[in-house]
Amino acid sequence: MSTTAGSPPVVVTLAEIARIAGVGRAAVSNWRRRYDNFPSPVGGTDTSPQFSLPQVEEWLRRENKLKTALNPLDRLWPEYESLGDRDTTGLLVAQIGLRQSGVRAGGPTAGPLLDQRQTRLLERTLELAEQDEEHRAFDLLLERWLRTHVRQITTTPVQLAGLMAQAAAVSRPGPVRSVLDPACGVGTLLVAAGRQWDADHAAGLRFLGQDSDAVLVELAKARLTVGGFAGRDLSNVSLAAGDTLRADAHPGAQADVVLSNPPSNERDWGHAELATDPRWAYGQPPRTEPELAWVQHAVAALAPGGVAVLVLPPAVAARRAGRRIRAGLLRSGVLRAVIALPPGAAPPYGVGLHLWILRADGGGDGADRTELTFVDTTYTTRPASVDKSGVDWPAVTAQIMEVLSGTSTLGSVSVPVVDLLDEQVDLTPARRVPRTRAATIVDLRRLWTQFDAHMRELRDAAEVLSALVPADSDEAVPLISVAELERAGALEIRTGQGLPESLVRRGERQEGEARVLTGAPLSGQAQLWLPASAVAAGDQDGSLTVTASQDVIVSVLARSFDVRVDTDAPSVLGPQLAALRANPAVLDPWFLSGCLRAPANVHRAGTHASTTSRIDVRRLHIPRLSLEEQRRYGEIYRRITAFECEMTDMKSVGGELSRALGDLLAAGHLPRN
């Protein structure tokens, strides 16, 4: 691949090499060790080396290591990264989308002037994308750019954006002519609005938006044009860069719908200079309540009968500083619903965020404005269809839509506004929505049966284990390291590798599928599966690590170190796992697993550099015992493992049983003789 004279060399990481070659990163690491002619690093660090792209491409072709047809855009992306800073690359990606859609330079969004190198890269990308009618070139480049800068840019998940658009459509039936997102980012919510109200791509919907990051604004424009929601002249798109609260680019806007996921926890949002702003119709937001400033901005931008749907942190519903504004929103009837989402719905993923639905005066929808609807979706997820975030989006969406349309009350309650106007004005759904169902006699008897079964197994295991007495001997038992066992051929170590994420499926196991393990804990993980064909191909070409019966699986992260004998092989192992395959003629796998798991052993083998440090499996030690003694110790460890599993299961069943009894007591359904 040629580069412009004087331009920085195009380099790639191990991950990029793996993507180009169509293999896992572990396979590339193996190539570096096995082949003396593998290109040498030209930059980076020892832990994250960088290689010359032309040299890597030449080596891959010479050694016939390209497993799949090479996507030309995979070759171009390193050149985009080599441009330098985030903004330059992002603006060029935006230009790709705009040019693909027919928006030419010199038009309403010409973007920055490009230098010679950037112009050539733009032209080459467009040449590759000429036959791509689905605009996958822009989508791929945008996805790579967002992934590279994931720590700097927060995006709204596509599923949540679609849910918000549907919620707005149910809350405001009828035509929608304009949609506003005052914190639009890369335009995910605006694109969702286009899909909801402009399915025929007639460019009849007006898009309004603003963001403080000019690069994100350009990318949002590109996404709207690529999606077919805007014409070549962008006459129905008005997106601006700037601080929305301090310098609103759309003053006096009368939007039919406002969709927004505004920034939160910002202290410098303009509290002092905006003290007399006319948007604060329900009270001036305290300095610590920037989210309520965004709420009032959204309401002020609504046309009569318009609907706003905002993503907000849960604390906004209960913080004492915002109670007067919450009370004002309730008294006016503007706030119609507060919906609690399950954790994992959007960043920050560990927090269960809320959706607030607001409607401006003049709706004429006949809804009872003296009540507020609360919806709690945090307990309605079904494991069979959760996505990678752990959220069952079909179930969550169905529940919310049914409640808003009045066809169901599952997980919801409507509370009179007068009952909410106390000293706290707490609008947290979890404090208002009752549990959907109390336990029945069938539930209780099923739980007691399971509890008794676990108790019997525990008693049996405890009877055997309690009879064990430590040996009274001061003689030190000689040890042998895993590294020595590997050199002696007593075991083989295979490290986990990157997984083909597009093929990994969640839910119940189907015939012929193999279990996928991605990290600790090794038991109780989400149900992930790979089809047999992918497992067989990956095992054959070395791109997947697949276990066999009695392999010992090790989770190598220090903070979550765990060891288990795989009794449900085959399993496909992710990057933070390793498989130890023992030679049964000299080494018992249960003995090996029990000794490796010892806390003192783990402490000796860890690097202790940080919480993300890894355990060096080869530095772990086990006692040097005869095979007969190993098997005796291994049988004891097998019983210890069964004891642990029964304890875990009994804790789970006991917790469910105690919650069921507590719910019945709280509902006044116990006791009954």
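Preceding this paragraph is the structure being described.
Residues numbered from 1 in each chain as written. Predicted model: local features only at pLDDT ≥ 70, side-chain atom pairs only at ≥ 80, totals over all residues. Heavy atoms only, no water.

Chemist: Which residues make up the packing of helix 8 (residues 158-171) against helix 13 (residues 393-405), and what values go with them?
Modeler: At their nearest, the axes of helix 8 and helix 13 sit 10 Å apart, and the two run at 15 degrees to each other. As judged from the angle between their axes, helix 8 and helix 13 are roughly parallel. For the pair helix 8 and helix 13, the crossing hand works out as right-handed. Each of Gln159, Leu160, Leu163, Gln166, Ala167, Val170 and Ser171 in helix 8 lies in contact with helix 13, whose residues at this interface are Trp393, Val396, Thr397, Ile400, Met401, Leu404 and Ser405. Taken together, the residues of the contact of helix 8 with helix 13 break down into nine nonpolar, five polar and no charged. (Axes fitted to C-alpha atoms, helices over the stretch in contact; angles between N-to-C directions. Helix = DSSP H or I, 4+ residues; strand = E, 2+ residues; numbered from the N terminus. Parallel < 35°, antiparallel > 145°, perpendicular 65-115°, else oblique. Left-handed = near helix turned anticlockwise from the far one by under 90°. Contact = heavy atoms within 4.5 Å. Nonpolar A, V, L, I, M, F, W, Y, C, P; charged D, E, K, R; others polar.)

Chemist: Explain the sheet that holds strand 7 (residues 255-260) to me, and be specific about the residues and the numbers.
Modeler: Pairing within the open sheet is mixed, and its nine strands lie in the order 6-5-4-7-8-10-9-11-12. The open sheet has two edge strands with one neighbour each: strand 6 (237-241) and strand 12 (412-416). Strand-to-strand twist of the sheet, defined as the mean angle between neighbouring strand axes without regard to direction, takes the value 15 degrees. One ladder, built from six bridges, connects strand 8 (residues 302-312) with strand 10 (residues 354-359); its direction is antiparallel. Note on strand 10: the bridge partner recorded for Leu310 is Trp356. (Pairing = 2+ DSSP bridges.)

Chemist: How would you sum up the sheet that holds strand 22 (residues 577-582)? Please name residues and give values.
Modeler: One open sheet holds the four strands; their spatial order is 14-22-19-20, and the pairing between them is antiparallel. With one partner strand each, in any of the chains shown, strand 14 (491-495) and strand 20 (562-565) form the two edges of the open sheet. Neighbour-to-neighbour, the strand axes of this sheet turn through a mean angle of 20 degrees, independent of strand direction. Against the sheet, helix 18 (residues 589-596) contacts strand 14, strand 19 (552-555), strand 20 and strand 22, and its axis sits at roughly 170 degrees relative to strand 20.

Chemist: So what about unusual backbone geometry? Which residues, and what values?
Modeler: Pro348 follows Pro347 through a cis peptide bond whose omega is -10 degrees. As for its position among the elements, Pro348 is in the loop between strand 9 (335-340) and strand 10. Omega for the peptide link from Ala569 to Pro570 comes to 5 degrees, which places this bond in the cis form. Here Pro570 lies in the loop between strand 20 and strand 21 (571-573).

Chemist: An account of the nonpolar core is needed here, citing residue identities and associated values.
Modeler: Residues Tyr80, Trp197 and Leu219 are the most contacted members of the largest nonpolar core, which totals 70 residues. Setting aside its immediate chain neighbours within four residues, Leu219 contacts Gly90, Val93, Ala94, Phe138, Leu142, Trp145 and Val186. Among the nonpolar cores identified, the runner-up in size contains 34 residues, and Ala298, Leu310, Phe374 and Val415 belong to it. (Core = buried A, V, L, I, M, F, W, Y, C linked by side-chain atoms within 4.5 Å. Buried < 20%, exposed > 50% of the residue type's maximum accessible area, 1.4 Å probe, protein only.)

Chemist: Outline the pairing of strand 9, listing residues and values.
Modeler: Counting buried positions along strand 9 gives six out of six residues, so the element sits mostly inside the fold. By the bridge criterion, five bridges tie strand 9 to strand 10 in an arrangement that is antiparallel. Looking at strand 10, one finds that Ile339 is bridged to Leu355. Note: strand 9 against strand 11 (residues 371-376), four bridges, orientation parallel. Opposite Ile339, over in strand 11, you have Val375 as the bridge partner.

Chemist: An account of the environment of Glu289 is needed here, citing residue identities and associated values.
Modeler: Assignment of secondary structure puts Glu289 in the loop between strand 7 and helix 11 (290-300). Taking the C-alpha atoms as reference points, Glu289 and Arg319, 30 residues apart in sequence, are found 8.6 Å from one another. Excluding residues within four positions of it along the chain, Glu289 makes contact with Arg319, Ala321 and Gly322.

Chemist: Describe the pairing of strand 5 (residues 206-211), and please don't skip the residues or the numbers.
Modeler: Counting buried residues along strand 5, five of its six residues qualify, which places the element largely inside the surrounding structure. Pairing of strand 4 (residues 178-181) with strand 5, which is carried by four bridges, proceeds in the parallel orientation. Within the sheet, the bridge partner assigned to Val179 lies in strand 5 and is Phe207. Each parallel crossover has a hand, and the one from strand 5 via helix 10 (residues 214-226) to strand 6 is right-handed. (Right-handed = clockwise from strand over helix to strand, strands pointing away.)

Chemist: How would you sum up the packing of aromatic side chains? Please name residues and give values.
Modeler: Counted according to the given criterion, the structure contains nine aromatic pairs. Arranged with centres 5.4 Å apart and planes meeting at 80 degrees, the rings of Tyr35 and Trp59 form a pair that is edge-to-face. Residue Tyr35 is found in the loop between helix 2 (25-34) and strand 2 (43-44), and its partner Trp59 is found in helix 3 (residues 53-62); the two are separated by 24 residues along the sequence. The class for Trp59 is buried, based on a relative accessible area of 1%. (Phe/Tyr/Trp six-rings, centres within 6.5 Å; stacked < 30°, edge-to-face > 60°.)

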